[in-house]
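Remarks on the overall topology
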Amino acid sequence: GSMGQAMALNLQAHLSRINAPSLQFYNRTEARGQPVQAIGGVQHSSIPELITNVDICFVAVTDDTAVRSIIDTITTLDPDHLRQKLIVDTTTVHPDTSTWAQQRLTECEVSYVASPVFGATPTAQEGKLLFVVAGAEEAVQRVEPYIVGVMGRKMMRLGSDVTRSTLLKCTG
């Protein structure tokens, strides 16, 4: 959607500025990836192909059903392709979905950060979203350089309980 696209555009622009490898991404609607590709992003044709080629994956989809479908797909991959990966979910979901996602991914040695965002599309385009993050401290530290000053103005840390960030977003 427009939020994910705005975040991806900001992240790819940042990666280009620091001479880092290009953003690799997947979009269910392939044509929606054109703007990110136009500035150097590398589009993959499937979730398994993407996950095999990245260490950190941000998820920005519409709802719990979409998140569950993506996590189910990820957890069917060869465990050798999953170890040490990190999934950061920016979707606004029910806290139970965050708990479920963390449990499923942990079984595959994949880290999980629940990170719903506050802000509308124009805020995302400006890179000024508020990321409300919860997950293991090591995982949160791994993603901070890609969030603060890139896709968001601030990262609000809520500890390791992934339900805390989604609960705040759902009630906030």
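Figured I'd write up the structure that's included with this text. (Residues numbered from 1 in each chain as written. Predicted model: local features only at pLDDT ≥ 70, side-chain atom pairs only at ≥ 80, totals over all residues. Heavy atoms only, no water.)

A few words on the pattern of salt bridges. For the coordinates displayed, the defined rule picks out five salt bridges. Notably, a salt bridge pairs Glu-137 with Arg-157, separated by 2.5 Å at the nearest N-O pair. Of this pair, Glu-137 sits in helix 7 (residues 137–147) while Arg-157 sits in strand 8 (residues 152–157), and the two are 20 residues apart along the sequence. Looking at Arg-157, the relative accessible area reads 36%, which means it is partly exposed. Several salt bridges converge on common partners, so that one network encompasses Asp-80, Arg-83 and Glu-109. (Salt bridge = Lys/Arg side-chain N within 4 Å of Asp/Glu carboxyl O. Helix = DSSP H or I, 4+ residues; strand = E, 2+ residues; numbered from the N terminus. Buried < 20%, exposed > 50% of the residue type's maximum accessible area, 1.4 Å probe, protein only.)

This paragraph deals with unusual backbone geometry. Phi is positive for Asn-19, which is not a glycine, with a value near 55 degrees. In this structure, Asn-19 sits in the loop between helix 1 (2–17) and strand 1 (24–25). Non-glycine residue Gln-84 carries a positive phi angle of around 75 degrees. Mapping Gln-84 onto the fold places it in the loop between helix 4 (64–74) and strand 4 (86–89).

Before going further, it helps to spend a moment on the pairing of strand 3 (residues 56–59). Residues Cys-57 and Val-59 line the buried face of strand 3, whereas the alternating positions Ile-56 and Phe-58 sit on a face that is not buried. As paired strands, strand 3 and strand 4 are joined by four bridges and run parallel to one another. Bridging from a neighbouring strand, Val-59 pairs with Asp-89 of strand 4. The parallel pair strand 3 and strand 4 is bridged by helix 4, and the resulting crossover is right-handed. (Pairing = 2+ DSSP bridges. Right-handed = clockwise from strand over helix to strand, strands pointing away.)

A few words now on the side chain of Thr-97. One can find Thr-97 in helix 5 (residues 95–107). Within the structure, the side chain of Thr-97 is placed 2.5 Å from the side chain of Asp-64, a separation counted as a polar contact. With residues near it in sequence (within four places) discarded, Thr-97 still touches Asp-64, Val-67 and Arg-68. (Polar contact = N/O pair within 3.5 Å; in protein donor to acceptor, adjacent residues only side chain to side chain. Contact = heavy atoms within 4.5 Å.)

Attention shifts here to helix 8 (residues 163–171). The α-helix winds at 3.6 residues per turn, so residues separated by three or four positions along the chain end up facing the same way. By the burial criterion, the buried members of helix 8 are Thr-163, Ser-165 and Thr-166. Across the axial projection of helix 8, the buried residues extend over an arc of 165 degrees, all falling on one side. Against the buried residues of helix 8 lie helix 5, strand 5 (111–114) and strand 7 (129–135). (Arc of directions from axis to C-beta.)

This part takes up the nonpolar core. By size, the foremost hydrophobic cluster in this structure holds 24 residues, and its most contacted members are Ile-51, Ile-71, Ile-74 and Ile-87. Those elements that provide at least two residues to this core are helix 3 (47–53), strand 3, helix 4, helix 5 and strand 5. Considering each element in turn, this core owes the most residues, five residues, to helix 4. If we skip the residues at most four places from it in the chain, Ile-51 touches Cys-57, Ile-74, Leu-77, His-81, Leu-82, Lys-85 and Ile-87. Judged by nonpolar contacts, the second largest core, of 23 residues, contains Met-7, Leu-11, Val-143 and Met-151. (Core = buried A, V, L, I, M, F, W, Y, C linked by side-chain atoms within 4.5 Å.)

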